[in-house]
Amino acid sequence: EAQVTQNPRYLITVTGKKLTVTCSQNMNHEYMSWYRQDPGLGLRQIYYSMNVEVTDKGDVPEGYKVSRKEKRNFPLILESPSPNQTSLYFCASSSHRDYGYTFGSGTRLTVV
Amino acid sequence: EDKVVQSPLSLVVHEGDTVTLNCSYEVTNFRSLLWYKQEKKAPTFLFMLTSSGIEKKSGRLSSILDKKELFSILNITATQTGDSAIYLCAGGNTDKLIFGTGTRLQVFP
C-alpha cells in the first residue's frame, strides 16, 4: 500500500531533550516536506526536500533540522525542543513539488 | 507575501444541503490550486486545479478555478454527515504549497 509513515504518533517530552520524528514513504517520491499545524494558523511548512541531499527552509524552520540521506526517509530533528514547538506535525511526499501531496498520519508533539 | 484565505471559517448545515467553500490566493509564480479534506488526522487529497474555468468533479464534490480573479470554489451537493471535516485549500508555486487555515464544515442529520 502506498503510504507515508510517521513515528511516533504521539510524543510528550521535556524542554531541551533532543528528539527525532521519523518519516518514510514507499512511493519513490522525490519531493518531501514537513508541516506543522496549529489552531488558527493552518499548515505551515518547516522544511522541504526536492531530492536526496537537497533540503531547503520553509516558512518556519527555526528550531528544526532535517536530513535526506535516502530517498525514502526524511526525519525531522528537534535539537532542543521548547514549549512553542508543541504542535501537530505532518510529513508529506509528492512525485513533483506542485502536485498533490500524500500526507502521513501526523505526530502530536507536546513539549513541557 | 504569499497567502491563501478561505471562507467561511466554519459552516453548519443539515444533511441534503448544498455548500460552497471559497478560497482566494495571492501566490507568486502560481502553478496550481489544491483542495484537501481533513477529518481526524491527515489531510487527504481531493482536487488539483491548474486551468481556469475547467470544473473538476468527483461524485458530489466539484471545484473550479478562476486565475484572473485568483479564486477557487469547492461545491458539495446533497451533503452527508460523512462530509463533516475541515477543508483545506492550498496554492502551489515552484517551491511549495501555501495552505489556508481551512473551513470547518459540520453536517447534522
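Residues numbered from 1 in each chain as written. Chains lettered and ligands numbered in written order. Predicted model: local features only at pLDDT ≥ 70, side-chain atom pairs only at ≥ 80, totals over all residues. Heavy atoms only, no water.

## Focus on the packing of aromatic side chains
Residue and element names in this part refer to chain A. The following threshold applies: In this scheme Phe, Tyr and Trp rings, the latter by its six-membered ring, pair at centre separations within 6.5 Å, and the angle between planes marks the pair as stacked below 30 degrees, edge-to-face above 60, and tilted otherwise. Helix and strand definitions here come from DSSP, where helices need a minimum of 4 consecutive H or I residues and strands a minimum of 2 consecutive E residues; each element is numbered from the N-terminal end. To sort residues, take the accessible area from a 1.4 Å probe on protein chains only and compare it with the maximum for the residue type: under 20% means buried, over 50% means exposed, and anything in between is partly exposed.
Applying the stated criterion to the full structure yields 13 aromatic pairs over all chains. Look at Tyr31 and Tyr48: their rings are 5.8 Å apart centre to centre, the planes differ by 35°, and that puts the pair in the tilted class. Here Tyr31, found in strand 4 (residues 31–38), pairs with Tyr48, found in strand 5 (residues 42–51); they are 17 residues apart in sequence, far enough to count as distant. The class of Tyr31 is buried, set by a relative accessible area of 2%. Taking relative accessible area as the criterion, Tyr48 reaches 5% and is therefore assigned buried. Taking the centre distance of 6.3 Å and the plane angle of 50° together, the rings of Tyr35 and Phe103 count as tilted. With Tyr35 in strand 4 and Phe103 in strand 10 (residues 102–103), this residue pair connects regions lying 68 residues apart in the sequence. Judged by its relative accessible area of 0%, Tyr35 falls in the buried class. The class for Phe103 is buried, based on a relative accessible area of 8%.

## Side note on the pattern of salt bridges
Note the following rule: Salt bridges are counted wherever a side-chain nitrogen of Lys or Arg sits within 4 Å of a carboxyl oxygen of Asp or Glu.
Counting across every chain of the model gives 8 salt bridges over all chains. Ionic pairing is found between Asp59(A) and Lys96(B), a salt bridge with its closest N-O pair at 2.7 Å. Residue Asp59(A) is found in the loop between strand 6 (54–57) and strand 7 (65–66), and its partner Lys96(B) is found in the loop between strand 9 (85–92) and strand 10 (97–99); the two belong to separate chains. Note on Asp59(A): relative accessible area 43%, which makes it partly exposed. Notably, a salt bridge pairs Lys65(A) with Glu79(A), separated by 2.9 Å at the nearest N-O pair. Residue Lys65(A) is found in strand 7, and its partner Glu79(A) is found in the loop between strand 8 (76–78) and strand 9 (87–94); the two are separated by 14 residues along the sequence. On the basis of relative accessible area, Lys65(A) is assigned to the partly exposed category, the value being 42%. Exposure remark for Glu79(A): the relative accessible area of 37% places this residue in the partly exposed category.

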